[in-house]
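# Coordinate inspection notes
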Amino acid sequence: MGLRKDARRAVKLAKDIMWSRRAQRTLGVKLADRPDFEPHRFRVGVYFADGRVNLYQLRQWYAPLVALAERHPVLILSRASGAALKLLEESPLPVAYVRRVADLERVIHEQDLHVILYVNQNAKNFQMMRYGRRWHVFINHGESDKMYMTTNQFKAYDYALIAGDAARSRLDKVLWDYDFDKRAIPIGRPQADHYLDGSPLPYTPDHRDVVLYAPTWEGDRDAAAYGSIASHGVGLVRGLLATGRHRVIYRPHPRSGVVDPAYGAANEAIIAALAAANAADPSAHHIFDNGPKLGWQLAAADVAIVDISAMVYDRLAAGRPLLITRPANPAAEIDTGGYLQACEWLDATDAATMVARIDEVAHDAEALARLGFWVERYFGDTTPGVTTARFHAAIDHLMAEWERFAALHAGDGEIDEHDVEADAEEDAEAVG
């Protein structure tokens with residue numbers, strides 16, 4: 001068993017190396033045809049050291065960063081060839097490929113980057129953070145109550161842009177001697193201002209209540225078995241389809257069924273049920289949504305049903321009715337320290353009862369009042385445009401602080417920021 005596992009790892013490593021080399025060759029061709037960036041144009045850098053698999057962390061910031069770039073030009077700094085290649089294809093913002101530290105330093109000195117934004121905690125962040133005379137700012141890639149959101153790594157950054165009071169309270173329990181008033185700046189969830197971007201919806205709104213069902217996958221262990229497709233989903237969706245009063249948007253996690261074939265079969269059963277309902281009544285326009293874009297679904301749905309996942313907080317930022325499926329697996333861990341202590345749960349039961357529960361939450365005044373409290377606690381004022389204004393104000397503040405400190409240290413002279421040690425390590429890796 002061990003030998004087979006090692007052999008699989010060796011094959012995967014060889015394939016990864018070959019793919020990386022091909023990606024670098026393709027990148028070389030693309031970059032050779034691209035004109036150099038105008039010197040001293042960019043003031044904000046977004047540092048991304050991860051590969052393609054984690055690009056979702058950066059994608060959710062595209063729209064807010066494009067809006068920010070109208071005030072302060074933004075440049076994405078990509079360290080991995082695969083991610084850089086994909087970013088050059090899809091990013092609405094300029095991208096610099098900085099594989100080596102020497103490449104990174106060249107861009108730093110050609111551009112006046114006053115603020116560097118980080119969307120995750122990649123260990124290579126520290127290669128960027130060694131450069132002073134600029135603000136290093138953690139902006140994260142989502143809001144949740146996961147342990148990741150309370151890491152002491154927050155202290156490594158000059159500032160952190162946090163969602164709101166819930167984030168501050170969560171951090172306050174673990175970050176000792178941390179100046180929250182100065183270093184933790186609440187901005188809400190700027191992405192929510194871009195959920196609806198003016199693009200037409202994939203259906204014509206009518207009398208039907210639109211229900212978004214966005215479950216997660218089954219998980220790879222009991223403690224994380226939050227997926228509801230097999231326990232809730234088939235009965236839930238069939239019940240909604242039968243009413244004639246609802247339009248279903250079904251957006252399952254792309255990994256649904258990778259561990260449990262029964263879970264995958266339930267997913268396929270829901271997709272088939274949607275297709276059959278549309279064939280029987282095309283005006284219903286139920287949607288199986290497996291596209292890359294997430295936003296309009298969260299804002300357009302009258303009610304959302306999600307599992308315990310990041311989708312809870314993405315929908316919460318929209319400020320609209322929300323139900324969370326209660327895990328059927330009793331071993332699934334539920335953190336009730338935040339919103340989950342008072343959320344609206346949907347238990348796995350018969351279809352009629354689940355549909356009635358959805359209708360209840362959509363119109364119940366007390367449930368809506370509870371929702372409003374938690375929206376405010378997590379994200380502050382969610383009036384359209386307000387959170388974007390807070391994001392811009394935070395960056396404006398950091399720019400002003402940069403100018404203030406630059407004036408205070410105007411007589412300090414130049415410093416040598418060249419990382420000789422990192423260059424030597426990279427040269428050794430290249431030889432090896």
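Details of the structure are given in the entry above.
We now turn to the structure provided with this report. (Residues numbered from 1 in each chain as written. Predicted model: local features only at pLDDT ≥ 70, side-chain atom pairs only at ≥ 80, totals over all residues. Heavy atoms only, no water.)

### Some points on the nonpolar core
One recurring pattern in soluble globular proteins: nonpolar side chains tend to sit buried together. The criterion, for reference: Here, the term nonpolar core denotes a set of buried Ala, Val, Leu, Ile, Met, Phe, Trp, Tyr and Cys residues that are joined through side-chain atoms within 4.5 Å. Categorising residues by exposure relies on relative accessible area from a 1.4 Å probe, with only protein chains included: less than 20% of the type maximum marks a residue as buried, more than 50% marks it as exposed, and the intermediate range marks it as partly exposed. Counting from the N terminus, the helices are DSSP H or I runs at least four residues long and the strands are E runs at least two residues long. We call two residues contacting when some pair of their heavy atoms lies within 4.5 Å.
Judged by nonpolar contacts, the single largest core of 37 residues is most densely connected at Leu316, Ile324, Tyr339 and Tyr378. Elements supplying a minimum of two residues to this core: strand S8 (209-214), helix H11 (296-300), strand S11 (303-306), helix H12 (311-316), strand S12 (322-325) and helix H14 (365-379). A per-element tally of this core places H14 first, with 5 residues. Leaving out residues up to four positions away in the same chain, Leu316 has contacts with Leu322, Tyr339, Leu371, Trp374, Val375, Tyr378 and Phe379. Judged by nonpolar contacts, the second largest core, of 31 residues, contains Val44, Phe48, Trp61 and Tyr159.

### Let's talk about the side chain of His114
When you line up the elements, His114 lands in the loop between helix H5 (101-110) and strand S4 (115-118). The exposure class of His114 is buried, given its relative accessible area of 6%. Here His114 is in contact with Arg43, Arg134, Trp135, Met399, Trp402 and Glu403, once residues within four sequence places are set aside.

### Observations regarding H5
Inclusion rule: By definition, the arc is the one covered by directions from the helix axis to the C-beta atoms.
Taken as a whole, H5 has its buried residues at Val101, Leu104, Glu105, Val107 and Ile108. Projected down its long axis, H5 shows its buried positions confined to an angular sector of 165°, all on one face.

### Focus on the sheet that holds S8
As a reminder, the rule being used: If DSSP finds at least two bridges between two strands, the strands pair. Note on geometry: axes are lines fitted to C-alpha atoms, helical ones only across the stretch in contact, with angles between N-to-C directions running from 0 to 180 degrees.
One open sheet holds the 6 strands; their spatial order is S10-S9-S8-S11-S12-S13, and the pairing between them is parallel. With one partner strand each, in any of the chains shown, strand S10 (287-288) and strand S13 (345-346) form the two edges of the open sheet. Sheet topology places S8 next to S11; 4 bridges connect them, and they run parallel. If you follow Val211 over to S11, its bridge partner there is Val303. Seen against the sheet, helix H13 (residues 351-363) touches S8, strand S9 (246-250), S11, S12 and S13 and runs at an angle of roughly 145° to S12.

### Topic: the sheet that holds strand S5 (residues 135-138)
The strand order across the open sheet built from 7 strands is S3-S2-S1-S4-S5-S6-S7, with neighbouring strands paired in parallel fashion. The open sheet has two free edges, formed respectively by strand S3 (95-97) and strand S7 (184-186), since each of these has just one partner strand. Ignoring strand direction, the axes of neighbouring strands in this sheet form an average angle of 25°. Taken together, the 4 bridges between S4 and S5 define a ladder with parallel strand orientation. Following the sheet pairing, Tyr118 is matched in S5 by Phe138.

### Section: the pairing of S9
For clarity, the cut-off: When the strands point away from the viewer and the path from the first strand over the helix to the second turns clockwise, the crossover is right-handed.
The buried fraction of S9 is high, at 5 of 5 residues. Of the two faces of S9, both are covered, the one formed by His246, Val248 and Tyr250 as well as the one formed by Arg247 and Ile249. With 5 bridges joining them, S8 and S9 adopt parallel strand pairing. Note on S9: the bridge partner recorded for Tyr213 is Tyr250. Note that the unit made of S8, helix H9 (residues 229-243) and S9 has a crossover that is right-handed. Where S9 lies against S10, 2 bridges are found, and the strand directions are parallel.

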